[in-house]
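# A closer look at the structure
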Amino acid sequence: MSSAQKTFILEGNIGAGKSTFLSLIKEVLPVQVVYEPHTQWQHVGVHGENLLDKFYKDTKRWAYTFQSYAFITRLIEQHKYAQLNNFPFQLLERSVYSDRYCFAKNCFEMGTMTSLEWSLYTQWFEWLIGTYATKPDGFIYLQTDPSVCYERLLKRARSEEVGVTPEYLKLLHEKHEAWLIHKQGINESLQEVPVLVLDCNQEFETDPKVMENFKQQILNFVMTIVG
């Protein structure tokens, strides 16, 4: 891994279009992509239990367990791939920051994570990001209306997401906005990290002009940071 490696993070709500964008960015940048460790979440332990499915089916029971495991598996994946990276850029699909400021926080506010669990989570989160997490050079935020996310979610029909409601997506959207747009209540180290906001309400995947526009915005954003 080169010490000059730059790290960018692709963020967005469930159904925002992250998978499509990961392919798009690989077309315009020499980048190593680190995907969300879904497989690890779906096959945990010697019996290969699906923790993601358990989280959605009984969130109150599994919220703290899942959010803790999501955090550590993200760090492990980023570190593992960084050691093998021959590209100047590393791109993460979501991050420990969206875990903290969107998903885990939402669990606490919905009452599926207790006050004690939230206190434990936030305490070790602050220490671990200061010790082990790589500070990102930039965020790319796929800003998408919750209703659009819900339509896309229905189309892809993943089994674990059957219980995801429009209301849940709306809450997550508000958390993304508070964190990435308004920079509310976030760690001081993230305050000055630049954010590229892309309007992903349109069906960009089937519109070459929109796709080309997004490619150019991403390229300009990255090149401005690299200098």
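Here's a quick rundown of the structure. Quick caveat: nothing in here was measured; it's all calculated off a predicted structure.

## Examining the packing of aromatic side chains
Within this structure, the stated rule accounts for 20 aromatic pairs. Taking the centre distance of 5.7 Å and the plane angle of 70° together, the rings of Phe-71 and Phe-125 count as edge-to-face. Taken together, the positions of Phe-71 in helix α4 (residues 59-82) and Phe-125 in helix α6 (residues 115-131) put the pair 54 residues apart, joining distant regions of the chain. By relative accessible area, Phe-125 is classed as buried at 0%. With a centroid separation of 5.8 Å and 10° between ring planes, the pair formed by Trp-118 and Tyr-121 is classed as stacked. One end of the pair is Trp-118 and the other is Tyr-121, both in helix α6 and three residues apart, which spans about a single turn. In this structure, Trp-118 and Tyr-121 share a single accessibility class: buried.

## Observations regarding the nonpolar core
Ranked by size, the top nonpolar core spans 65 residues in total, and within it Phe-21, Tyr-97, Ile-140, Trp-179, Leu-198 and Ile-218 carry the most contacts. With seven residues, the top contributor of residues to this core is helix α5 (residues 96-110). Residues within four places of Ile-218 in sequence aside, it is in contact with Phe-21, Leu-24, Ile-25, Leu-29, Ile-140, Leu-196 and Leu-198.

Thresholds, definitions, all that
Residues numbered from 1 in each chain as written. Predicted model: local features only at pLDDT ≥ 70, side-chain atom pairs only at ≥ 80, totals over all residues. Heavy atoms only, no water. Phe/Tyr/Trp six-rings, centres within 6.5 Å; stacked < 30°, edge-to-face > 60°. Helix = DSSP H or I, 4+ residues; strand = E, 2+ residues; numbered from the N terminus. Buried < 20%, exposed > 50% of the residue type's maximum accessible area, 1.4 Å probe, protein only. Core = buried A, V, L, I, M, F, W, Y, C linked by side-chain atoms within 4.5 Å. Contact = heavy atoms within 4.5 Å.

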